[in-house]
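Working through the structure, step by step
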Amino acid sequence: MTTRVHFRPCTLCEAMCGLRIETDGKTVTSLRGDDDDPFSRGYLCPKATALKDLHEDPDRLRTPMRREGTTWRAIGWDEALDEAARRLHAVQRAHGRDAVATYLGNPTTHNTGAILFGPTFLRALGTKSRFSATSVDQLPHMLVAHWMFGHQLLLPVPDVDRTDFFLVLGANPLASNGSLMTAPGMKHRLEALKARGGRLVVVDPRRTETAERADEHHFIQPGTDALWLFALLHEVLAAPRRPHVLEASLRGLDELERLARTFSPEHVAATTGIGADVTRRLAQQLVSTPRAVVYGRMGTSVQPFGALCAWLINALNIVTGHLDVPGGAMFPMPAFDPRWLPRPLAPGPGSHGRRTTRVRGLPEVGGELPVAAMAEEMLTDGPGRLRALVTLAGNPVLSTPNGAQLDRALAGLEVMISIDPYLNETTRHAHLILPPPSPLERLHFDVVFPMLAVRDVVRHADALFDPGPDARHDWQILLGLGRRLEALRGAGLSASLKWRAMERLGPRGLLDLGLRLGRRGGLSGLTLKKVAAAEHGLDLGPLQPAFPRALQTKDRRIELAPPKLVADVARLEALLSAPRPELVLINRRHTRDNNSWLHNAEKLVSGKPRCTLLMHPSDATARGLSSGAAVTVSSRAGAVTVPLEVSESVMPGVVSLPHGYGHGREGVQLTVATKHAGASVNDVSDELRVDTLSGNAALSGVPVSVTSA
Ligand SMILES: Nc1nc2c(c(=O)[nH]1)N[C@H]1C(S)=C(S)[C@@H](COP(=O)(O)OP(=O)(O)OC[C@H]3O[C@@H](n4cnc5c(=O)[nH]c(N)nc54)[C@H](O)[C@@H]3O)O[C@H]1N2
Ligand SMILES: Nc1nc2c(c(=O)[nH]1)N[C@H]1C(S)=C(S)[C@@H](COP(=O)(O)OP(=O)(O)OC[C@H]3O[C@@H](n4cnc5c(=O)[nH]c(N)nc54)[C@H](O)[C@@H]3O)O[C@H]1N2
Ligand code: SF4
Ligand SMILES: [Mo]
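Residues numbered from 1 in each chain as written. Chains lettered and ligands numbered in written order. Predicted model: local features only at pLDDT ≥ 70, side-chain atom pairs only at ≥ 80, totals over all residues. Heavy atoms only, no water.

Scanning the protein from terminus to terminus reveals 22 helices and 29 strands. Scaling as 2.2 N^0.38, a compact globule of 709 residues should have a C-alpha radius of gyration of about 27 Å, and the protein matches this with 24 Å. Across the 709 residues of the protein, 64% fall into the buried class. Residue pairs in contact within the protein that sit at least 24 positions apart in sequence constitute 74% of those at least 6 positions apart. Approximately 25000 Å² of the protein is accessible, and the part contributed by carbon and sulfur atoms is 53%. In the protein, 82 positive and 73 negative side-chain charges are present, and the distance between their average locations comes to 4 Å. (Helix = DSSP H or I, 4+ residues; strand = E, 2+ residues; numbered from the N terminus. Rg over C-alpha atoms; globule rule 2.2 N^0.38 Å. Buried < 20%, exposed > 50% of the residue type's maximum accessible area, 1.4 Å probe, protein only. Contact = heavy atoms within 4.5 Å. Areas by Shrake-Rupley, 256 points an atom, 1.4 Å probe, with all protein chains shown as cover. Lys, Arg positive; Asp, Glu negative; His and termini not counted. Charge placed at Lys NZ, Arg CZ, Asp CG, Glu CD.)

Moving on, we get to the site of ligand 1. Neighbouring residues of ligand 1: 32 residues in total, closest Tyr103, Asn106, Asp420, Asn587 and Ser596. Here an oxygen atom of ligand 1 sits 2.7 Å away from a polar atom, N or O, in the side chain of Asp420. Asn424 places a side-chain nitrogen or oxygen 2.8 Å from an oxygen atom of ligand 1. Burial of ligand 1 by the protein amounts to 97% of the accessible area it has alone, namely 920 Å². Of the residues in the shell around ligand 1, the class split is 15 nonpolar, 12 polar and 5 charged. Both of domain 1 (65-137 + 337-541) and domain 3 (579-708) provide at least three residues apiece to the shell around ligand 1. (Near = heavy atom within 4 Å. Polar contact = N/O pair within 3.5 Å; in protein donor to acceptor, adjacent residues only side chain to side chain. Nonpolar A, V, L, I, M, F, W, Y, C, P; charged D, E, K, R; others polar. Domains from an automatic or database assignment.)

This paragraph deals with the nonpolar core. Within the largest apolar cluster, 99 residues are counted, with the highest numbers of intra-cluster contacts made by Phe149, Phe166, Phe230, Leu233, Trp311 and Phe547. In terms of residue count, helix H13 (residues 306-319) provides more of this core than any other element does, 11 residues in total. Counting contributing residues, this core receives three or more from each of domain 1 (65-137 + 337-541) and domain 2 (156-329 + 547-572). Excluding residues that lie within four positions of it along the chain, Trp311 makes contacts with Val144, Met148, Phe230, Leu256, Leu259, Leu560, Ala561, Pro562, Leu565, Val566 and Val569. In this structure, Leu61, Val302, Ala375 and Ala697 belong to the second largest nonpolar core, which totals 32 residues. (Core = buried A, V, L, I, M, F, W, Y, C linked by side-chain atoms within 4.5 Å.)

Examined against the element boundaries, His267 turns out to sit in helix H10 (residues 265-272). His267 sits 36 residues away from Ala231 along the chain, and the two C-alpha atoms are 8.2 Å apart. Setting aside its immediate chain neighbours within four residues, His267 contacts Thr262 and Leu576.

On to unusual backbone geometry, then. Cis geometry is found at the peptide bond from Phe547 to Pro548, where omega equals 0°. Among the structural elements, Pro548 can be located in the loop between strand S21 (538-542) and strand S22 (558-559). Here Asn177, not a glycine, exhibits a phi torsion of approximately 65°, which is positive. Of note, the phi angle at Ala393 is positive, near 50°, even though the residue is not glycine. Its location among the elements puts Ala393 in the loop between strand S17 (388-392) and helix H15 (396-399).

Now for the domain arrangement of the protein. Per the domain assignment, the segments making up the protein are domain 1 (65-137 + 337-541), domain 2 (156-329 + 547-572) and domain 3 (579-708). Each of domain 1 and domain 2 was reduced to a C-alpha centroid, and the two centroids are 33 Å apart. Residue-level contacts link 11 residues of domain 1 with 18 residues of domain 2. With both sides pooled, the region where domain 1 packs onto domain 2 buries about 1100 Å², and carbon together with sulfur makes up 53% of that total. Summed over the shared surface of domain 1 and domain 2, the result is 1 salt bridge. With a shortest N-O distance of 2.7 Å, Asp137 and Arg297 are connected by a salt bridge. At the boundary of domain 1 and domain 2, one finds 4 residue pairs in polar contact (both at pLDDT 80 or more). When grouped by side-chain class, the residues that make up the side of domain 1 that touches domain 2 number 7 nonpolar, 2 polar and 2 charged. (Buried area = accessible area lost by both parts, 1.4 Å probe. Salt bridge = Lys/Arg side-chain N within 4 Å of Asp/Glu carboxyl O.)

A separate point is the packing of H13 against helix H20 (residues 563-575). In a pair of packed helices, the angle between the axes and the distance between the axes together describe the arrangement. In the contact formed by H13 and H20, the axes pass within 10 Å of each other and the chain directions differ by 120°. Taken together, H13 and H20 sit at an angle that is classed as oblique. The handedness of the crossing between H13 and H20 is left-handed. Side by side, H13 and H20 meet where Ala307, Leu308 and Trp311 of the first sit next to Leu565, Val566, Asp568, Val569 and Leu572 of the second. Partitioning the contact of H13 with H20 into residue classes produces 7 nonpolar, no polar and 1 charged. (Axes fitted to C-alpha atoms, helices over the stretch in contact; angles between N-to-C directions. Parallel < 35°, antiparallel > 145°, perpendicular 65-115°, else oblique. Left-handed = near helix turned anticlockwise from the far one by under 90°.)

All right, on to the sheet that holds strand S24 (residues 613-615) then. The mixed open sheet is built from 7 strands, whose spatial order is S28-S23-S27-S24-S26-S25-S29. Each edge of the open sheet is held by one strand with a lone partner, namely strand S28 (702-703) and strand S29 (705-708). In this structure, strand S25 (residues 630-634) lies alongside strand S26 (residues 639-646), joined through 5 bridges in antiparallel fashion. Bridge assignment links Ala630 to a residue of S26, and that residue is Pro643. (Pairing = 2+ DSSP bridges.)

To find the voids left in a structure, one rolls a probe of water-molecule size over its atoms. Scanning all chains against the criterion turns up 10 cavities of 30 Å³ or more. A volume near 170 Å³ is recorded for the largest cavity. What lines the largest cavity is a set of 14 residues, and nearest its centre among them are His141, Pro156, Gly296, Ile313 and Asn314. Contributions of two or more residues to the lining of the largest cavity are made by strand S13 (292-296) and H13. Looking at the lining of the largest cavity, its residues break down into 10 nonpolar, 4 polar and no charged. Taken together, Cys10, Leu12, Cys13, Ala15, Met16, Cys17, Tyr43, Leu44, Cys45, Lys47, Ala48 and Asn177 make up the lining of the second largest cavity. (1 Å grid on protein atoms, 1.4 Å probe; cavity = no way out; pocket = protein on both sides within 12 Å on 5 of 7 lines; lining within 4 Å. Points joined across faces, edges and corners; volume = space filled by probe spheres on them.)

Topologically, Asn314 is positioned in helix H13. In this structure Asn314 touches Val144, Met148, Phe149 and Pro156, once residues within four positions along its chain are discounted.

Okay, the sheet that holds strand S3 (residues 27-33) next. Ordered by their spatial adjacency, 3 strands build an open sheet running S1-S2-S3, and the pairing between neighbours is antiparallel. Edge positions in the sheet fall to strand S1 (3-9) and S3, since each has one partner strand and no second. Taken pair by pair, the neighbouring strands of this sheet meet at an average axis angle of 25°, ignoring direction. Judged from the 7 bridges that link them, S1 and strand S2 (residues 18-24) form a sheet pairing that is antiparallel. Its bridge partner being in S2, Arg8 is matched across the sheet by Leu19.

So, on to the site of ligand 3. Near ligand 3 the following residues occur: Cys10, Leu12, Cys13, Ala15, Met16, Cys17, Leu44, Cys45, Lys47, Ala48 and Asn177. In a pocket analysis with a 2 Å cut-off to the grid points, ligand 3 is assigned to the second largest cavity. Across the shell around ligand 3, the residue classes break down as 9 nonpolar, 1 polar and 1 charged. (Sits in = over half its atoms within 2 Å of the grid points.)

So, about the layout of surface pockets. The calculated volume of the second largest pocket comes to roughly 400 Å³. What lines the second largest pocket is a set of 19 residues, among which Pro222, Leu575, Ala578, Pro579 and Pro581 lie closest to the centre. Split by residue class, the lining of the second largest pocket holds 10 nonpolar, 6 polar and 3 charged. Per-domain counts for the lining of the second largest pocket show at least three residues from each of domain 2 (156-329 + 547-572) and domain 3 (579-708).

In structure tokens form, the structure reads like this:
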């Protein structure tokens, strides 16, 4: 056998580190960071080796599976796709198109074919009952971008490599490697920030790995960030401001000023737990540092005021002159930019409240419904009940609030089809599982994350291994289902030609087209061939100011006071007089976890059990609990039992559980993961807690009680 060397971005998280992988025949013999990658420069995290484990995992499904009662039978692709389409069609014919729901999970965004052809499948299925992991994640940021900048994917990214003051709320990039901020090797980037005299300030109810390395860390009572952000704005807007490059493009500054007046640092101090002197000092530093940026992530997204947080973070960056300038919050305009593809391939600019969910009346956002409402839409009788589900790269039983309830709902569906390589907590309910090949058996080109990356780098990699004739890629499964559905509805020859043409075009054709079309406002001069020829990728440089050209609002002005956000401020004010729960639950991530689905790799789960409840010593003493004890964490929604870890890293009144565990459910085929099963935090998180404006799940700050088990 001959050794071959391949270069490709890692597809496991947003950081998209460049990897150097050696293969010998059909095996991976070495996997490390690519030192010549212009973006990640050799960095990789411990998760990357899981790509090899994933590829070799005997539990990974290689052929379609049909469930017959409680047993599974391997079947052929044509049979599986025909049956899946027929069953979905039957439900739609009997109960309407919307009776079939879809749920798209996180790995969809890391899968070139799935992200490019997912929309085509959704259009063919024609259901408005669309759900995804977005509404347990970054939905508020997208909604706010739609309102402020005119497009849900105009997401400002902290220019971490050039900033001198980095204020981080509710994010732990040293464990997560960054989110809505693609910047591989955060450790080195944060060290560089400090080396140039910059400051890192972290605001988080837990002293995280990132907080440990910060110049300052402040605890904040979960869910109160919007109050604190308003207090910062209060200070900033009271001080004389420097003229801002965007001054002429702003609308609503007076309104914002009026709202901020209510929230002085003193006024919010008791509720947030951050002293007025600290707030004042940080506000001044934000104003006086020429290159500064405020950044908020999961902790500010998955809480009852997610949309207000996303808005106020943007507003702070804008009024302090830190938006769309180097070292501030910037807008990547990558070489391949799905936003400017021709419709209907391009994602839309966004929307809100065009309809609401049947049971709870939660708003549609960007064409999707909040997943916190999915189970009740399946369980509540009446016209419009969801009767079938298609999952694509998602594990909502572990990743959405009140997973136990969803578990029950899935068990009662008439039809469930899962496009997924594993028989796991969610897909065990499917009637058919359609497994794509491993990540090393497909081409890769990052479609989503260059829109969030702190540097403009474009890379393309071919598959390392040929998956063989008996494999179907995600995009082939999606097109195969779409074509069959339309045929069942009696679509004619032209439709069938359209599907054939798309199958021929494939991801390569679309990528080449998109590259030729280029970025907003100009042809890039790139082709897929040119990109592929650069084995370490093409470095197109640091971020450039993009406004007002890239602004998508009708009048090319930034909306600083979107009416629905302004109206939501009253709900926030009520928080100031609301009673504080005795104990609230927050979540955490560990460097060796990857949401819910990499625990079947031995290297990632070995060592001390990580699924523990962190609790402050004062709370443990008050309950007579000590480290190692089995404790039961209960909420309105449910309860789990886990070992306790007493730790000063969480603030008093706050406990923390990791997310992504809970593999002990019956019938999953995950040999390693079930030995490290842990408990699912989402059996405790409450589906009724949402940010009512965006519908995003409020996974953080769940009121709980903790008792000895
Ligand atoms: N309580 C709590 N809940 C959370 C979070 C939290 O912090 N706390 N985090 C939330 C966040 S940020 C996210 S993104 C979500 C994630 O939520 P999900 O996307 O629902 O879940 P994942 O754990 O990412 O599961 C991914 C699934 O995709 C499959 N898969 C992997 N690769 C591929 C592929 O290439 N093709 C296909 N077809 N399938 C593939 C895996 O086998 C697995 O079943 O969880 C959210 N839930
Ligand atoms: N190792 C690893 N890396 C990952 C993932 C993974 O599962 N494991 N998942 C990937 C995904 S899909 C995503 S979206 C990203 C997420 O990336 P991050 O957002 O960086 O990750 P989290 O660790 O969820 O950070 C959220 C932080 O918010 C804090 N927090 C909780 N509630 C509040 C609050 O009310 N206010 C404030 N200010 N803080 C609060 C928590 O203590 C936690 O430290 O990570 C990605 N990278
Ligand atoms: S940080 Fe780790 S998981 Fe994320 S892209 Fe880099 S190597 Fe992969
Ligand atoms: Mo996520």
